[in-house]
Amino acid sequence: MESEDTEKLQEMKTDLNLLLECLKYQMDNPFSQKEALVTIHSICQQNSNAGIYFREIGGLMFVKNLAKSSEHSVVKEAALYTLGAVAEKDVYCQQTLCTSELFEDLIWFLSNDSNTNLKRMSVYVILVLVSNNRTGQTLVRETGCITVLSRLFRTVLSKYELNLLDENVFQNYQLWSSVCSTLCVCVNNPQNDENQLFCCSLFPHANEWLINCMKPEIIRPICSFIGLTLANNTYVQKYFISVGGLDVLSQVLVQLESDSHETLSSAKLAVVVTKTVDACIADNPTFGIVLSKYHIVSKLLALLLHESLDSGEKFSIILTIGHCTEDCEENQYDLFKNNGLPLMIQALTESQNEDLNKAATFVLHNCKKITEKLSLSLGEYSFDENETEQLKDINVKEKNLEEHWKKAKEILYRIEQLEREGNEEEIRREKYKDDISSVNINIQNTLKHLHADNIGRGSKAEDKGKSHSIQIQSYKSHGVMSKACASDDQMKTLLKSANPVNTCYRESEQSKTLCKANSSCNQNLHEETTVEKKNFVSQSRDHVFKHPTHTAKNRKQLPVTDPFTLCSDIINKEVISFLATDTDNSSKMLKYRCSGCIAVGISLNSRNFSKLLHSCPYQCDRHKVIVEAEDRYKSELRKSLICNKKILLTPRRRQRLSNESTTSGGIKKRRIRKNFTKEELNYLFSGVKKMGNHWNSILWSFPFQQGRMAVDLAHKYHNLTKGSKCAAP
C-alpha cells in the first residue's frame, strides 16, 4: 500500500511539472493552455496534496500572472477557474492568493466590457477568497470590489420578465445568481457589520424584484441575501422595515401560502420566505405588529398542516410563530382564534424532535398570558377590515367568545395539570427515598436484637429446645408446602415462622403499600420489592431454605461487616444446630454459599479473587458471569497468541524481538555510486541559471539519471563552484 501511494504521488508530481512546462512553452497556442489548465484543475480536485505541491513549485503564481497577461479570453477564464478550484481546496492557497493586487485585477475584469463567462469566473474567485476569511471580507471592501458587485446586482438583470430559455438571459441570470451568493458571503460567515451596512442599500432594489417577479429563481437568492444581511444587526433590521421590506415579504408569503394548496414547490418556497421573516423579527419581537395586518400567524398555521414538510421546515414555521406572538397580542389572538394552541400541543406530544418540542413550548409560554387575560382583551381588538361586516357579525362573535373562553380554560388547565403531575412525581420520588432509608434503619435494629438474642440463648436451654423444635417443624412444613401451596396467606405465615427478618421486612412493606402479591412463591419474592430489595430477599431465602453444607477446610473465618451477610450467617448457624439434633451426620453437611459474597473484609486483587471464585463450587449469578467472562477472554488471548507469535507481552520478549529484527534485516544497503555525465552537468548549470538554488525543481525539470536526488545536485554544484573558486587565483 505504501509503495502504491508513493508511486501515485510521484506520478502526480511528474504530471504537474509537465503541465506547468506546457503552459510555459505553449504561449502561442491558447487551446493547448486551456487543456493544460483544465487537467491541472482535475488533478487538484482528485488529490488534496496536489494543490500544495503546485503552490510549492510556483505554479499558482504562474497561473495568476497568466490570467492577467494573456490576451486570449479562453485562457483567462480557464486560469481563473483553476485558481478558484485550487484555493477552494486548500486554505494555504487561499491565503496566498488573498492579496489586494488580485482583487484589483478582478475589478478590472468586472468593470471592462468583457464577456459574461469571464465575469462569472471573476465572481467565482472572489467568492472563494472571501468565504470563511475575514481578511478577504476586509479586502473586498477596501479595494472597492463590493461596490462593483453591488452595481452588477442592480444592472445585470434589466427586465422583470425572465425567459430562461433564452441563452443570453440565462447566462446573465447565472452571473446575477453568483453575485448574490458572493454578497451573502461578504456579509456573513463570519458576520461583518460594516459590509452589512454597505449592502443594506440594495434592499429597495430587492423589494422591487420580489414584487414584480415571484419566481423561485428570484425569490431564493434574494431571501438568502436579505436574511444574511440583516441577521443579528438591529440597525439593518430597522432600515429594512422602514423601506417596506417586511410588508413585501408578508405579501409574498400570503401569495405563496395560497398557492401551496396546488403546488408543492410553493410550500417549499413559502418556508424560505418564512425563515427570512423570522430573521427580521427575531431580535426585536415588537416588529411582529407589522405582520398582524396580513394575518401571517393564520397563514403559517395553515402552512404547518402541509403534509410534504419535514421536521426541519416545521421547526422554522413554529419558531417564526413564537417570535410573532412573543410581544404582540394581536398575533396571540390570531393564533388562538385559528386553533393554534391545539396544534402546538399536538406537535409537543407527538414529535420526537427536541428542537421542534422547544419551539412549541416557546409558543405555549407566549400564549399563556392571553389565555389568562382573554376576557379583558377580546372586546378591545377588532381585526376585520370592513366596519359594516363587523356590525353584522357582532352577535355571532359574542356567542363564539364563550366557546373560545372555554377552550382557553381547558388548555390552561391541561398545562397546569402537566406541571402539577411533574411536581407530584418529584415529591413521590423524595418520599420513596425516605421510606427506603427508614426500612434500612429498621432492618439494622432487628439484626442487632437477633444478634443479642443469639448470644443470650445459652442460659435459656428449655426455651431454646422448644424454639428449635418449632422452627424445625416450620422448616419441614415449608419444604412441603412451598411446592403445593398457592395462596398468599399460607406463604406469609411460613415465611414469618422461618425468618423473623423477612417477617419484619414484609410487614413494614405492606404498611407502605409498595408491593403486590402474585400466585407463586418465586414471583412473590421477586415482584414484591424494588431492585435494591430483591438482593436481600433472595439471599435470605437461599440461606434459609437450602440444605446447609460443610465449609471448606483450613479456611479462616473473616470478620463480616455487611448486615445482610451477618443475618444470613446467624440463620445458617441456627439451621445447622437445629438439624444436628435429628441427624448424626451433621458434619457432612455443606453450606451452599458463594465465596465471592462471603469474602467481605479480605483485601482482594485480580489474582486472589479469581482463584477464590474458581475454587468455589457454589457461585452466585453475578460472580458466575465474571468467571465466564474472564475464561472467555483468556481463551481468546491464547488463540491470538497462537495465530500471531510476535505479540509483545513482556519487556524481555520485546527486547528479544528487537534484537532479532536488527540482526536479520537491520543493515541498510548503500546506494550505488553514479558519476555525473556531461549532459547532467549541462542540465545542472542551465537549471541554476533559470531557477536558482531550487534543487527539487531542477531535478524534476531535467532528465537526470534514475536514483538521483536533490541533495546530489546541491553537493555536485557546490563542489564544482568551490573548485572553480580555488583554481581562479
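Everything numeric here is computed off the predicted structure, so don't read it as measured data. (Residues numbered from 1 in each chain as written. Predicted model: local features only at pLDDT ≥ 70, side-chain atom pairs only at ≥ 80, totals over all residues. Heavy atoms only, no water.)

Chemist: Explanation requested: a nonpolar patch on the surface in the structure shown.
Modeler: A cluster of nonpolar residues, Tyr 633, Leu 637 and Leu 641, forms a patch on the protein surface that exposes about 270 Å² of accessible area. Along the chain, the position of Leu 637 falls in helix α35 (residues 621-643). (Patch = residues over 30% accessible without salt bridge, like charges linked within 9 Å, V, L, I, M, F, W, Y side chains within 5 Å. Areas by Shrake-Rupley, 256 points an atom, 1.4 Å probe, with all protein chains shown as cover. Salt bridge = Lys/Arg side-chain N within 4 Å of Asp/Glu carboxyl O. Helix = DSSP H or I, 4+ residues; strand = E, 2+ residues; numbered from the N terminus.)

Chemist: Looking at this model, I keep getting lost on a negative patch on the surface. Mind explaining?
Modeler: A grouping of Glu 2, Glu 4, Asp 5, Glu 7, Glu 11 and Asp 15 is seen on the molecular surface, where their side chains present a negatively charged patch. Of note, Asp 5 is situated in helix α1 (residues 2-25). (Lys, Arg positive; Asp, Glu negative; His and termini not counted. Charge placed at Lys NZ, Arg CZ, Asp CG, Glu CD.)

Chemist: Help me understand the confidence of the model for the chain, please; the structure alone is not making it clear to me.
Modeler: Predicted coordinates in regions of low pLDDT should not be interpreted in detail. Summing up the model confidence of the chain, the mean pLDDT is 75 and the portion of residues at 70 or higher is 69%. Every residue in residues 581-591 scores below 50 in pLDDT, and together they form 22 contacts with partners more than four places removed in sequence or on other chains. (pLDDT = per-residue confidence, 0-100. Contact = heavy atoms within 4.5 Å.)

Chemist: Sorry, what's going on with helix α10 (residues 145-155) here?
Modeler: It helps to recall that an α-helix has 3.6 residues per turn; residues three or four apart then point in one direction. Listing the buried residues of α10 in full gives Cys 145, Ile 146, Val 148, Leu 149, Ser 150, Leu 152 and Phe 153. Looking at the buried positions of α10, the neighbouring elements they touch are α7 (100-111), α8 (116-130), α9 (134-142), α11 (167-187), α12 (193-199) and α13 (203-212). (Buried < 20%, exposed > 50% of the residue type's maximum accessible area, 1.4 Å probe, protein only.)

Chemist: Looking at this structure, how should I read the packing of α8 against α11?
Modeler: For any two helices packed against each other, the geometry comes down to the angle between their axes and how far apart the axes lie. Running from N to C, α8 and α11 cross one another at 15 degrees; their axes reach a closest spacing of 9 Å. When the interaxial angle is binned, α8 and α11 end up roughly parallel. α8 and α11 meet at a crossing whose hand is left-handed. Of α11, the residues touching α8 (which contributes Thr 116, Lys 119, Arg 120, Val 123, Ile 126, Leu 127 and Val 130) are Gln 171, Asn 172, Gln 174, Leu 175, Ser 178, Val 179, Ser 181, Thr 182, Val 185 and Cys 186. (Axes fitted to C-alpha atoms, helices over the stretch in contact; angles between N-to-C directions. Parallel < 35°, antiparallel > 145°, perpendicular 65-115°, else oblique. Left-handed = near helix turned anticlockwise from the far one by under 90°.)

Chemist: How should I be thinking about the pattern of salt bridges in this particular structure?
Modeler: One side chain can pair with another of opposite charge once the charged atoms of both are near each other. In the structure shown here, the tally under the stated rule is ten salt bridges. Where Glu 101 meets Lys 68, a salt bridge forms, and the shortest distance between an N and an O atom there is 3.9 Å. One end of the pair, Glu 101, is in helix α7; the other, Lys 68, is in helix α4 (residues 59-69), with 33 residues separating them in the sequence. With a closest N to O distance of 3.3 Å, Arg 671 and Asp 712 form a salt bridge. On the criterion of sequence distance, the pair formed by Arg 671 in the loop between α36 (651-665) and α37 (678-691) and Asp 712 in helix α39 (residues 710-727) is long-range, its members being 41 residues apart. Connected through shared salt-bridge partners, Lys 64, Lys 68, Glu 101 and Asp 105 make up one network.

Chemist: Looking at this model, I keep getting lost on unusual backbone geometry. Mind explaining?
Modeler: Peptide bonds are mostly trans, and most non-glycine residues show a negative phi. Cis geometry is adopted by the peptide bond preceding Pro 190, which originates at Asn 189 and carries an omega value of -5 degrees. Relative to the elements of secondary structure, Pro 190 occurs in the loop between α11 and α12. Phi at Asn 132 is positive, roughly 55 degrees, even though this residue is not glycine. In this fold, Asn 132 is placed in the loop between α8 and α9.

Chemist: Please explain helix α5 (residues 73-89) as it appears in this structure.
Modeler: With 17 residues, α5 ought to run about 24 Å at 1.5 Å a step, and its terminal C-alpha atoms sit 24 Å apart, in line with that. By the criterion of burial, α5 is predominantly enclosed, with twelve of the 17 residues buried. All buried positions along α5 are accounted for by Val 75, Lys 76, Glu 77, Ala 78, Ala 79, Leu 80, Thr 82, Leu 83, Gly 84, Ala 85, Val 86 and Ala 87. Contacts made by the buried residues of α5 are with α2 (30-46), α3 (48-56), α4, α6 (91-97), α7 and α8. (Expected span 1.5 Å × (residues − 1).)

Chemist: So what exactly am I meant to see when it comes to the packing of aromatic side chains here?
Modeler: Aromatic rings considered in pairs are described by the distance between their centres and by the relative angle of their planes. The tally for this structure, following the rule as stated, stands at 14 aromatic pairs. Aromatic side chains Phe 702 and Phe 704 sit 6.5 Å apart centroid to centroid with 80 degrees between the ring planes, which places their arrangement in the edge-to-face category. The pair Phe 702 / Phe 704 is uniform in exposure class, with both members buried. Members of the aromatic cluster, each reached through a chain of ring pairs, are Phe 153, Tyr 173, Trp 176, Phe 203, Trp 209, Phe 225, Tyr 239 and Phe 240. Directly above the ring of Phe 62 sits Lys 24, whose terminal nitrogen or CZ lies 6.0 Å from the centroid. (Phe/Tyr/Trp six-rings, centres within 6.5 Å; stacked < 30°, edge-to-face > 60°. Lys NZ or Arg CZ within 6 Å of the ring centre and 35° of its normal.)

Chemist: For this particular structure, what's the right way to read the UniProt feature "coiled-coil region" (unreviewed entry) in the chain?
Modeler: As recorded in UniProt, the sites labelled "coiled-coil region" (unreviewed entry) are residues 408-435. When the span residues 408-435 is considered, its composition is 100% helix and 0% strand, and the gap between its end C-alpha atoms is 40 Å. (UniProt positions renumbered as here; feature names shortened; annotations may be inferred.)

Chemist: So what exactly am I meant to see when it comes to the side chain of His 205 here?
Modeler: Among the structural elements, His 205 can be located in helix α13. For His 205, a relative accessible area of 16% translates into the label buried. Contact partners of His 205, with chain neighbours within four places excluded, come to Phe 153 and Arg 154.

Chemist: Please clarify how the environment of Pro 285 should be interpreted in this entry.
Modeler: Relative to the helices and strands, Pro 285 is located in the loop between α17 (264-281) and α18 (288-292). The class for Pro 285 is buried, based on a relative accessible area of 15%.

Chemist: Honestly, the side chain of His 623 in this entry has me stumped. Any pointers?
Modeler: Considering the arrangement of structural elements, one finds His 623 in helix α35. Assessed through its relative accessible area of 3%, His 623 is described here as buried. Once residues lying within four places of it in the same chain are set aside, the contact partners of His 623 are Cys 594, Gly 596, Cys 597, Phe 609 and Leu 613.

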